[in-house]
Amino acid sequence: MKILLLGYGKMGKTIEKIALDKGHTIVGRIDVQNRTDMDKLTAGDVDVAIEFSSPESAYTNIKYCLEKGWPIVCGTTGWLEHRSEIEALCQEKGGAFFYASNYSIGVNLFFRLNRQLAKLMNGQGYTASMTEIHHIHKLDAPSGTAITLAEGISAEADAIKGWKLAPQESEGFVSITAERQGEVPGTHIIRYDSHVDSIEISHTAHNRQGFASGAVVSAEWLVGKKGVFGMDDLLSNLD
Ligand SMILES: NC(=O)C1=CN([C@@H]2O[C@H](COP(=O)(O)OP(=O)(O)OC[C@H]3O[C@@H](n4cnc5c(N)ncnc54)[C@H](OP(=O)(O)O)[C@@H]3O)[C@@H](O)[C@H]2O)C=CC1
Ligand SMILES: O=C(O)C1=N[C@H](C(=O)O)C[C@H](O)C1
């Protein structure tokens, strides 16, 4: 598979290594300095683009790929106010777009555990809160994964309307505390508190391999398809 890497930072480099080990070819490594290199590539030069850049650049990058006719797997977080526009463009162009706030299989199992726990806790008198911990370079807060987890809780809990970033007032919402520490790859902790006890579940990434390998598998899966997809489509055999 001919892969274009859009964003060649911590994730782009980890993805490159996994993709090369699997026998794929990297046809471009795009960062801020060499964006115009993409203009030289034609539809046939790229089988799939994998986009892990920054919240400010993701929208333009995805649009660029859809207009070129390149299937695109995006992992960048913090740009989702444009999501419906991108999905409409993908349908209009007959393209292929895959998005996940987290590509790790472990986190996607954790998403399911989170929803099951939220269903069990519904109406039991507990307050739900979350802490996400990431490296100090992270640009967005809360993390995309924390937002997906909070959306999972709201979908199952009658009294929860969404999320608020701490220390905002959070009555009726999941309060998310975003901590930035050293080089932490990504930790998410969900907690339910009552006046008698607490229940906690957590996911801790030890490195970026799980995110990167999930992105490469998603790219392999996307090639040849048309439409808007996410991890539930890829992992539907887990149901
Ligand atoms: N969905 C998931 O599973 C995961 C998502 N992420 C998300 O992926 C994104 C990237 O993370 P990470 O690799 O750690 O970040 P880095 O900061 O290490 O890398 C970002 C890269 O994007 C490049 N970039 C910035 N702007 C542009 C642009 N306009 N066009 C092309 N490239 C650009 C940067 O270039 P330069 O170096 O020149 O500034 C850099 O190479 C973040 O949003 C993060 O939250 C991270 C891990 C997992
Ligand atoms: O920026 C990161 O590093 C990560 N970002 C994603 C997010 O915002 O959820 C996924 C992972 O937690 C690492």
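Residues numbered from 1 in each chain as written. Chains lettered and ligands numbered in written order. Predicted model: local features only at pLDDT ≥ 70, side-chain atom pairs only at ≥ 80, totals over all residues.

A. Structural view of the overall build of the protein chain. Assigned secondary structure in the protein chain consists of seven helices and 11 strands. Its C-alpha radius of gyration of 19 Å places the protein chain within 12% of the 18 Å reference for a compact globule of 239 residues. C-alpha extents for the protein chain along the principal axes are approximately 60 × 35 × 30 Å. In the protein chain, which comprises 239 residues, the share counted as buried stands at 39%. Of the contacts made within the protein chain by residues no fewer than 6 positions apart, 66% connect residues no fewer than 24 positions apart. (Helix = DSSP H or I, 4+ residues; strand = E, 2+ residues; numbered from the N terminus. Rg over C-alpha atoms; globule rule 2.2 N^0.38 Å. Buried ≥ 20, exposed ≤ 12 C-beta atoms within 10 Å, placed from the backbone. Contact = placed C-beta atoms within 7 Å.)

B. Structural context of the domain arrangement of the protein chain. Once the domains are mapped, the protein chain shows domain 1 (2-103 + 209-238) and domain 2 (105-204). Computed from C-alpha coordinates alone, the two centres of domain 1 and domain 2 are separated by 27 Å. Contact with domain 1, which involves 10 residues of that partner, is made by 11 residues of domain 2. (Domains from an automatic or database assignment.)

C. Representation of the site of ligand 2 in the model. Within the structure, ligand 2 sits among Thr-77, Ser-101, Asn-102, His-134, Lys-138, Ser-143, Gly-144, Thr-145 and Gly-186. Partitioned by chemical class, the residues of the shell around ligand 2 number no nonpolar, eight polar and one charged. Looking at which domains feed residues into the shell around ligand 2, each of domain 1 (2-103 + 209-238) and domain 2 (105-204) gives three or more. (Near = placed C-beta within 6 Å. Nonpolar A, V, L, I, M, F, W, Y, C, P; charged D, E, K, R; others polar.)

D. Looking closely at unusual backbone geometry. In this structure, the amide linkage connecting Ala-141 to the following residue, Pro-142, adopts the cis form with an omega of -5°. Inspection of the secondary structure assignment puts Pro-142 in the loop between β6 (127-134) and α5 (144-156). Between Ala-166 and Pro-167 the backbone carries a cis peptide bond, its omega angle lying at 10°. Within the element layout of this structure, Pro-167 appears in the loop between β7 (163-165) and β8 (174-180).

E. Spotlight on the packing of helix α4 (residues 105-121) against α5. Two elements in contact, α4 and α5, have axes separated by 8 Å at closest approach and are oriented at 30°. Of the possible angle classes, the one that applies to α4 and α5 is roughly parallel. α5 is crossed by α4, and the crossing has right-handed handedness. Within the contact between the two elements, α4 uses Val-107, Phe-111, Asn-114, Arg-115, Ala-118 and Lys-119 and α5 uses Thr-145, Thr-148, Leu-149, Gly-152, Ile-153, Ala-155 and Glu-156. (Axes fitted to C-alpha atoms, helices over the stretch in contact; angles between N-to-C directions. Parallel < 35°, antiparallel > 145°, perpendicular 65-115°, else oblique. Left-handed = near helix turned anticlockwise from the far one by under 90°.)

F. Broad picture of the confidence of the model for the protein chain. Taken residue by residue, the protein chain gives an average pLDDT of 96. The fraction at 70 or more is 99%. Overall fold confidence for the complex sits at a pTM of 0.96, while the interface term, ipTM, reaches 0.98. (pLDDT = per-residue confidence, 0-100.)

G. Structural detail: the sheet that holds strand β3 (residues 48-51). Ordered by their spatial adjacency, six strands build an open sheet running β2-β1-β3-β4-β5-β11, and the pairing between neighbours is parallel. Across the chains shown, the open sheet's two edge strands, defined by having one partner strand only, are β2 (25-30) and β11 (227-229). Going from strand to strand, the sheet's axes swing by 15° on average, the running direction of each strand aside. (Pairing = 2+ DSSP bridges.)

H. Fine view of the site of ligand 1. Lining the immediate environment of ligand 1, one finds 28 residues, of which Gly-7, Gly-9, Met-11, Ser-57 and Gly-75 sit closest. When residues in the shell around ligand 1 are grouped by element, the largest group, three residues, is from helix α1 (residues 10-21). The residue makeup of the shell around ligand 1, split by class, is 10 nonpolar, 15 polar and three charged.

I. Expanded view of the pairing of β8. Looking at chain direction, β6 and β8 are connected through six bridges and run parallel. Pairing of Ser-129 across the sheet is with Ser-175, part of β8. By the bridge criterion, three bridges tie β7 to β8 in an arrangement that is parallel. The residue bridging Trp-163 from the neighbouring strand is Val-174, located in β8.

J. Representation of the UniProt feature "binding site: NADP(+)" (unreviewed entry) in the protein chain within the structure. UniProt records the feature "binding site: NADP(+)" (unreviewed entry) at Arg-35, using the numbering of this structure. Within the secondary structure, Arg-35 is located in the loop between β2 and β3. On the basis of neighbour counts, which here come to 14 C-beta atoms within 10 Å, the residue Arg-35 falls in the partly exposed class. (UniProt positions renumbered as here; feature names shortened; annotations may be inferred.)

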